[in-house]
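The chain contents come next:
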Amino acid sequence: MINRRTFSKALGLGTGATAAAVAGLHGLPTASAAQRTRDSTPARTGTAPAAVPGGHTSFASVKQIKAGLLDVGYAELGPAHGPVVICLHGWPYDIHSFVDVAPLLAAEGYRVIVPYLRGHGTTRFLSSRTFRNAQQSAIALDIIALMDALKIHKAVLAGFDWGSRTADIIAALWPERCKALVSVSGYLITNLKANLQPLPPKAEYAWWYQYYFATERGRIAMEDKTKRHDLARLVWDTVSPTWDFDDATFERTAAAFENPDYTPIVLHNYRWRLSLADGERRYDRYEKQLAARPVITVPTITLDAERDPFTAPGDGSTYRDRFTGKYDHRTLKGIGHNLPQEAPAAFAEAVVEVDHF
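In this text, all values refer to a predicted model and were calculated from it rather than measured experimentally.

Observations regarding helix α10 (residues 225-239)
- Taking 1.5 Å per residue as the helical rise, α10 with its 15 residues ought to reach 21 Å, and the 21 Å between its terminal C-alpha atoms agrees with that figure.
- Buried residues of α10: R228, L231, A232, V235, W236 and V239, and no others. Viewed along the axis of α10, the buried residues span an arc of 140°, placing them on a single side of the element. Opposite the packed face of α10, turned more than 90 degrees from it, sit the exposed residues T226 and K227.
- Contacts made by the buried residues of α10 are with α8 (208-213), α9 (216-223), α11 (247-254), α12 (262-273) and α14 (339-342).
- Measuring from the side-chain oxygen of the N-cap residue of α10 to the backbone nitrogen of T226 gives 3.0 Å; that N-cap residue is D224.

Pasting the structure below:
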């Protein structure tokens, strides 16, 4: 089990913050207490302990396994027979978003799996003939294939950005594979028809790179190593305005962008979401289901980051009706888009807590 010394080392926290965070992990409510919280439906707001970049700088090793269409690279921590948590990253990020979260969960007895999504890091397509598709259901099926390859029937799924969307889809379409869910930014399943409607200008402004990627100019920039690197760094600075990360922290993640399929995967993801690129017919039946905005019935905690420009107003109210099972929501003050890396203690606490719903 986790102790104050290992927790402090993991996060680089001072004694007071460490004590508060440890109390958070070990002071989880009982199932009955959690139910009372959900029945009263107040949105909890908390300030996460500060995470100092460099508490952990890397994973000890990255494993590889053939799964579905991919040879998947993934980090693994914790006991081999512990309950499984799969942590899913977004763009422009990689497995290092969970470099401090994973040791916390492993110390709590979880087997933690952190895969590189297709087009990132050491994950590779098995065939050069496979279309470099990044539509939402394809990525979700990658994770189902990974679970099958690792002989994991059911896991807690936890993610942000692309990772939230992927976890949401699995929870919605294959609830038998998802024990519980932690979803940053709530319900992110894409409805292509609804996505054709413009947002208010201030919200559209935050998505500038999505429209840049829709152009030939954006494609050329993403093919250029320096411009690709600097674009991702600009996104980090913009969407995490309070996170004081150092250059080394960014560079560790930027190495994942050297994957030969990185550019086509990123471009296809954003172009597909704008209906500017086609998906594949093999995924049509899943996309038809997702277009109906299916509800998520598994136990869920949704997290909003206060300083994330993509966080919707309303403290989770805009997506509350999509979660019909045991549920809690909290907003983390002073935290930006890369929530697991900016607030690893709060993220890890949510995973442990939702597993006890």
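There's more to say after this.
As for the pairing of strand β8 (residues 178-184)
- For β8, the buried fraction is high: 6 of the 7 residues fall into the buried class.
- Both strand β7 (residues 155-159) and β8 contribute to a ladder of 5 bridges, which runs parallel. Each bridged residue has a counterpart across the sheet, and for G159 the counterpart in β8 is S183.
- Handedness of the crossover is the feature at issue here: the chain leaves β7, passes through helix α6 (residues 162-173), returns alongside β8, and the resulting connection is right-handed.

Thoughts on the packing of α10 against α11
- In the contact formed by α10 and α11, the axes pass within 11 Å of each other and the chain directions differ by 125°. The orientation of α10 relative to α11 falls into the category oblique. Viewed along their axes, α10 and α11 form a crossing whose handedness is right-handed. Where α10 abuts α11, its residues H229, A232, R233 and W236 lie against D247, T249, F250, E251, T253 and A254.
- Of the residues belonging to the contact of α10 with α11, the class tally is 4 nonpolar, 3 polar and 3 charged.

Definitions and cut-offs
- Residues numbered from 1 in each chain as written.
- Predicted model: local features only at pLDDT ≥ 70, side-chain atom pairs only at ≥ 80, totals over all residues.
- Heavy atoms only, no water.
- Helix = DSSP H or I, 4+ residues; strand = E, 2+ residues; numbered from the N terminus.
- Expected span 1.5 Å × (residues − 1).
- Buried < 20%, exposed > 50% of the residue type's maximum accessible area, 1.4 Å probe, protein only.
- Arc of directions from axis to C-beta.
- Contact = heavy atoms within 4.5 Å.
- Polar contact = N/O pair within 3.5 Å; in protein donor to acceptor, adjacent residues only side chain to side chain.
- Pairing = 2+ DSSP bridges.
- Right-handed = clockwise from strand over helix to strand, strands pointing away.
- Axes fitted to C-alpha atoms, helices over the stretch in contact; angles between N-to-C directions.
- Parallel < 35°, antiparallel > 145°, perpendicular 65-115°, else oblique.
- Left-handed = near helix turned anticlockwise from the far one by under 90°.
- Nonpolar A, V, L, I, M, F, W, Y, C, P; charged D, E, K, R; others polar.

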